[in-house]
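# Structure at a glance
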Amino acid sequence: MKKTLYGIPNCDTVKKARTWLTDHEQVFDFHDFKKQGLERATVAAWLEQLDWEVLVNRKGTTWRKLPDERRAAIVDKASALELMLEQPSVIKRPVLAGAGKLSVGFSDDQYRQIFSL
């Protein structure tokens, strides 16, 4: 299956993941979800595999800048889906699809396990 790394190019964690994949000769496509957007079906599929609380980065600037009422309204998969489509920067990055189980975030150990290295 084709591997796709979702994120934004100026995110340090995404940069590390892209470098790691390239250095370990992993073929992948990069999807800049700020420029290219995200399809509802893609995010909905992620939410079928992972809990919304894993995908929504509540430690990030985008989350913290949301009004209190908006943050309080994110209580389930449906409300998280709408938020992630409206504000893709609220998604924890990077998201790696197509390398087995959907993966969020990056660490050397995490990717070594995913790719059995």
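Up top is the structure.
From a predicted model like this one, the values you see are computed outputs, not experimental measurements. (Residues numbered from 1 in each chain as written. Predicted model: local features only at pLDDT ≥ 70, side-chain atom pairs only at ≥ 80, totals over all residues. Heavy atoms only, no water.)

## Things to note about the packing of aromatic side chains
To keep things clear, this is the line we draw: We call Phe, Tyr and Trp rings a pair once their centres come within 6.5 Å, taking the six-membered ring for Trp, and we label the pair stacked below 30 degrees between planes, edge-to-face above 60, and tilted otherwise. Strands here are runs of E lasting at least two residues and helices are runs of H or I lasting at least four, both read from the DSSP assignment and numbered beginning at the N terminus. Charges are assigned to positions over rings by a cutoff of 6 Å between ring centre and Lys NZ or Arg CZ, combined with an angular limit of 35 degrees from the ring normal.
One pass over the structure, following the stated rule, counts five aromatic pairs. With 5.4 Å between their ring centres and 85° between their planes, tryptophan 20 and tyrosine 111 make a pair best called edge-to-face. Of this pair, tryptophan 20 sits in helix α1 (residues 12–23) while tyrosine 111 sits in helix α7 (residues 108–114); the two residues are 91 residues apart in sequence, bridging distant segments of the chain. What links up through ring pairs into an aromatic cluster is the set Trp20, Phe106, Tyr111 and Phe115. Over the face of the ring belonging to phenylalanine 30 we find arginine 18, whose NZ or CZ atom lies 3.9 Å from the ring centre.

## Comments concerning the nonpolar core
Side chains of nonpolar character tend, in soluble globular proteins, to be buried together. How we decide: The set of buried Ala, Val, Leu, Ile, Met, Phe, Trp, Tyr and Cys residues whose side-chain atoms join them within 4.5 Å is what this entry labels a nonpolar core. The classification of residues rests on relative accessible area computed with a 1.4 Å probe and restricted to protein chains. Under 20% of the type maximum is buried, over 50% is exposed, and intermediate values are partly exposed. By definition in these notes, contact holds between two residues if any of their heavy atoms fall within 4.5 Å.
One finds Leu5, Trp46, Leu55, Met84, Val95 and Tyr111 to be the most contacted residues of the largest nonpolar core, which totals 36 residues. Going through the elements one at a time, β1 (4–7), α1, α2 (40–49), α3 (52–55), α6 (77–86) and β3 (95–97) are the ones with two or more residues in this core. Setting aside residues up to four positions removed in sequence, tyrosine 111 forms contacts with Leu5, Ala17, Trp20, Leu21, Pro94, Leu96, Ser103, Gly105 and Phe106.

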